[in-house]
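# Structural characterization, general
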Amino acid sequence: MDIATLRSNHPDHWNKAAAIRALTLDAVAAANSGHSGMPMGMADVATVLYENHLKFDASAPRWADRDRFILSAGHGSMLIYSLLHLTGYEDVTLEQLKNFRQWGAITAGHPEFGHVSGVETTTGPLGQGISNAVGFAMAEEIQRARYGKKIVDHYTYVIAGDGCLMEGISQEAIGIAGRHELGKLIVFWDNNDITIDGKVSLSDRTNQVQRFKASGWHVIEIDGHNPEEIDAAITKAKTTKKPSMIACKTHIALGHAAQDTSKGHGALTDPEQMKAAKEAYGCPQDPFTIPANVKAAWEAIGAKGAEARTAWEARFASISERKQAEFNRAYALDAPKKLSAVIRQLKKQVAEEQPKVATRKSSEMALAVINPVMGETVGGSADLTGSNNTKTADLGVFDTDNRKGRYVYWGIREHGMAAAMNGMALHGGMRPYGGTFFCFTDYARPAMRLAALMGIPTVFVMTHDSIGVGEDGPTHQPVEHLAICRATPNSFTFRPADTAETAEAWEIALTEKNVPSTMVLTRQNLPTLRTEYKQKNLVSQGAYVLADAECGKRQVILIATGSEVSLAMDARAKLEAQGIGTRVVSMPCMELFAQQDEAYRRKVLPAGPVRVGVEAAVRDGGWDRWLLGERGRDAKADFVGMTGFGASAPADVLYEKFGITADNVAEKAKALLA
């Protein structure tokens, strides 16, 4: 690679790209930690993108019709931090770069959404960013069809590396993007042929160009250091109806002694090697020093989008006030005023009719009244539409000939679906939800975790929630998954007991702005337990007294969730018949109950009575806090649930064989009273 030729042929471009490289070297050296090679290798691509194509305004980072730029290869975070600082984003100061990867700085080791104004999504776990991008692109298509091209018309750009494309989730994302012809999605592949262990050929021989083409993408191969080729490729990509992959042949750690080696992937901190690289770049040797003319050129790039934003604001002001209000409400994540009314109406109806249905059906009943009044919802399923009950009649199917459709057939892509839903939520103006079997949260888990980490209100609909799945057997019967979900910070896990609780859980999930929700729903039918209509959303308290002792002193508290609440009610009847006063507490959301003040928790779980938890799952799901803590005692507490995996048999047989029965619950309670 002849750097001198690159410098002489394109001096203005070179100096801007070199500023990225120099800042990367300086920040990583200051931190003595980080990944230098990718930002140094992809600086030319990023410079051309920002200068000639990316529609953005550094003074208005959240402008709704901006292009989205996603750094899927998030380890190369100094690329985006350098770009944001150079183009004039107010929060990405030189001090932030000097404190790269340090306590209190927004410039974390991997880019984090919500910390930095120009970071669209949290990346670092490879493959997540490119998969988020599919959701971003889908959201743009749906909103363009809904609001019109003069209001929504932008691109989603992604930089992905070899590691992103090795992760299995990438094929899920690539496949669905090609199927739906997401023409405003453009991915730059940093084809540098290097991983941490060495050459890519150590572990892979995939022809990525053929792979993308086979998945329905438009592909261009270029020299990733030639600004003219980069510009022409982006220009061409913007003319095709297919998603585009631009294969950028690059040199990791360009211009450094570690160029084209695995060492170039990580932190390049040797002072003499840094000095030599900066000399080759023509950059000042002093750390964090950018020539004034170069910084001014970058700031001009950051400011030029103001004209496009102002023009957009004028167009937005020209549409009807109703559409403006609808757009602004959706982007603010405010629920429509009608939402609470339709939820209350549904609760009143089921209190009167008392249907016996699975909570997956209860969820469908709730969505049937929610989706018509909440036009920003987008539903879907990982090839389990009829089982997850996530499709309602009004949605229409999102497809190449119906961009207004609000239901996505994701195929067998749990991980890709979850990550793309996160992308929809991050894009803005969308409320995505999607379903699979609860056991398959194992496949979706990394994206579910990132939703919680980012604080975005994605809704994961997980049906077939226990051994109640029955004959499909232990491979499909989740026992540890409630524990995993509840252990995840900043997330709500709802396991409702009937239709009223399910509707209330949906109301919470769709009004929450900073917390994702997991709906844990049954396959088997359950009775209506809330036979008396209550206007108040009781699920919002996390737990509440469903039925109290009627035959004298309260001696037993049965705490249950989901399908086991009706079982607890049956056990209560048996205990009450024997003169043992028994309270049943329904606990649809442990996280919300933990947020209640102590006075309320004490009211629900007073000291004194014995406590038995009932749930068709393992005890390690947060149960000990409610059984042993909160005024409970080890000698006066027990649990009825699972201690191992399930088996293949009809659901009622499994509940009997594993001892999750009303008789066993009653006996456990009586044994504690002895």
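The structure under discussion appears in the preceding block.
Notes on the structure follow.

Cut-offs applied
Residues numbered from 1 in each chain as written. Predicted model: local features only at pLDDT ≥ 70, side-chain atom pairs only at ≥ 80, totals over all residues. Heavy atoms only, no water. Helix = DSSP H or I, 4+ residues; strand = E, 2+ residues; numbered from the N terminus. Pairing = 2+ DSSP bridges. Axes fitted to C-alpha atoms, helices over the stretch in contact; angles between N-to-C directions. Contact = heavy atoms within 4.5 Å. Buried < 20%, exposed > 50% of the residue type's maximum accessible area, 1.4 Å probe, protein only. Polar contact = N/O pair within 3.5 Å; in protein donor to acceptor, adjacent residues only side chain to side chain. 1 Å grid on protein atoms, 1.4 Å probe; cavity = no way out; pocket = protein on both sides within 12 Å on 5 of 7 lines; lining within 4 Å. Points joined across faces, edges and corners; volume = space filled by probe spheres on them. Nonpolar A, V, L, I, M, F, W, Y, C, P; charged D, E, K, R; others polar. Salt bridge = Lys/Arg side-chain N within 4 Å of Asp/Glu carboxyl O. Expected span 1.5 Å × (residues − 1). Phe/Tyr/Trp six-rings, centres within 6.5 Å; stacked < 30°, edge-to-face > 60°. Lys NZ or Arg CZ within 6 Å of the ring centre and 35° of its normal. Core = buried A, V, L, I, M, F, W, Y, C linked by side-chain atoms within 4.5 Å. Right-handed = clockwise from strand over helix to strand, strands pointing away. Arc of directions from axis to C-beta.

Phi angles above zero are rare outside glycine, and F288 is one such case at about 55°. By secondary structure assignment, the location of F288 is in the loop between α11 (271-281) and α12 (292-303). Its identity is not glycine, yet H464 carries a phi of approximately 55°, on the positive side. Inspection of the secondary structure assignment puts H464 in the loop between β9 (459-463) and α20 (481-487).

Once that is clear, we can look at the sheet that holds strand β15 (residues 610-618). Ordered by their spatial adjacency, 5 strands build an open sheet running β12-β14-β13-β15-β16, and the pairing between neighbours is mixed. Looking along the sheet, the strands with just one partner apiece sit at the ends: β12 (544-547) and β16 (637-642). Between one strand axis and the next, the sheet turns by 25° as a mean value, whatever way the strands run. Across 3 bridges, the pairing between β12 and strand β14 (residues 581-586) is antiparallel. Residue V545 lies in a different strand from β14, and its bridge partner there is V585. Across the sheet, helix α22 (residues 564-577) touches β12, β13 (554-560), β14 and β15, and the angle it forms with β14 is around 170°. Contacting β13, β15 and β16, helix α27 (residues 662-673) crosses the sheet at an angle of about 145° to β15.

Strands sit in the order β7-β6-β8-β9-β11-β10 across an open sheet of 6 strands; the sheet is parallel. Of all strands in the sheet, those bounded by a partner on one side alone are β7 (407-409) and β10 (492-494). Neighbouring strand axes in the sheet, compared pairwise and without regard to direction, differ in orientation by 20° on average. Bridging between strand β6 (residues 377-381) and strand β8 (residues 431-437) involves 3 bridges; their strand directions are parallel. Paired with V378 across the bridge in β8 is P432.

Counting buried positions over the 7 residues of strand β3 (residues 185-191) gives 7, a clear majority of the element. The alternating pattern of β3 places L185, V187, W189 and N191 on one face and I186, F188 and D190 on the opposite face, and all of these are buried. Pairing analysis gives 6 bridges linking strand β2 (residues 156-161) to β3, with the strands arranged parallel. Residue pairing across strands places I159 opposite F188, the latter belonging to β3.

By the secondary structure assignment, H476 is in the loop between β9 and α20. For the pair H476 and F639, spaced 163 residues apart in sequence, the C-alpha to C-alpha distance is 23 Å. Leaving out residues up to four positions away in the same chain, H476 has contacts with F437, C439, F440, H464 and V469. There is a polar contact of 2.8 Å between the side chain of H476 and the side chain of T475.

Let's shift gears to empty space enclosed by the protein. This structure, assessed with the given rule, holds 5 cavities of 30 Å³ or more. By volume, the largest cavity amounts to about 90 Å³. Around the largest cavity, the lining comprises 13 residues; the ones closest to its centre are D67, F69, Y89, G118 and E120. Residues that form the lining of the largest cavity fall into these classes: 7 nonpolar, 2 polar and 4 charged. If you add up the space inside the second largest cavity, you get close to 70 Å³. When residues of the lining of the second largest cavity are assigned to their parent elements, the largest contribution, 3 residues, is made by helix α19 (residues 441-454).

Let us look at the pattern of salt bridges. Evaluation of the coordinates by the stated rule reveals 40 salt bridges. When the shortest N-O distance is used, the salt bridge between R179 and D399 registers 2.9 Å. Here the residue R179 occupies a position in helix α8 (residues 168-179), and D399 occupies one in the loop between α17 (385-388) and β7, the gap between them amounting to 220 residues.

Another aspect to go through is α8. With 12 residues, α8 should reach 16 Å at 1.5 Å per residue; the first-to-last C-alpha distance of 17 Å fits that figure. Every buried residue of α8 is accounted for by I169, S170, A173, I174, G175, I176, A177 and G178. Those residues of α8 that are buried are in contact with α6 (128-147), α7 (162-166), β3, α9 (208-214), β7 and α18 (414-427). Downstream of α8 by one or two residues, E181 has phi in the positive range, about 50°.

Further remarks concern the packing of aromatic side chains. Taken as a whole and judged by the stated rule, the model has 21 aromatic pairs. Their ring planes at 5° and their centres at 6.2 Å tell us that F56 and Y89 sit as a pair that is stacked. Taken together, the residues F56 in the loop between α3 (37-53) and β1 (68-71) and Y89 in the loop between α4 (77-87) and α5 (94-98) connect sequence positions 33 residues apart. In this structure an aromatic cluster arises from ring pairing among Y147, W312, F316, F327 and Y331. K184 extends its terminal NZ or CZ atom over the ring of Y155, reaching a point 4.0 Å from the ring centre. Residue placement shows K238 over the ring face of Y155; its charged tip is 5.6 Å from the ring centre.

Among the nonpolar cores identified, the biggest contains 111 residues, and F69, L185 and F188 are the most heavily contacted of them. Contact partners of F69, with chain neighbours within four places excluded, come to L49, Y50, L54, I80, L83, E120, Y157 and I159. Counting residues in hydrophobic clusters, the runner-up holds 48 residues, among them V565, V612, M642 and A662.

So, on to the environment of D634. By the element assignment, D634 lies in the loop between α25 (623-627) and β16. By relative accessible area, D634 is classed as exposed at 59%. When the C-alpha atoms of D634 and V610 are compared, they prove to be 9.6 Å apart, with 24 residues separating the residues in sequence.

Direction of pairing for strand β4 (residues 218-223) relative to strand β5 (residues 244-249): parallel, over a ladder of 6 bridges. Bridged to E221 within β5 is A247. In this view, the connection linking β4 to its parallel neighbour β5 by way of helix α10 (residues 227-237) has right-handed handedness.

Along the polypeptide, K347 turns up in helix α15 (residues 338-353). Here Q535 takes part through its backbone oxygen, which lies 3.3 Å from a polar atom of the side chain of K347. When neighbours within four sequence positions are excluded, K347 is seen to be in contact with A500, A503, E504, R530, Y533, K534, Q535, K536 and N537.

In this model, helix α13 (residues 305-318) (14 residues) spans 20 Å end to end at C-alpha, consistent with the 20 Å of a helix rising 1.5 Å per residue. Among all positions of α13, only G305, R309, W312 and F316 are buried. Along the axis of α13, the buried residues cluster in a sector spanning 60°; they form a single face. Across α13 from its buried face, at more than 90 degrees, point the exposed residues E307 and A317. Elements that come into contact with the buried residues of α13 comprise α12 and α14 (321-331).

Among the secondary structure elements, A671 is positioned in helix α27. As for A671 and D472, which are separated by 199 residues in sequence, their C-alpha atoms are 34 Å apart.

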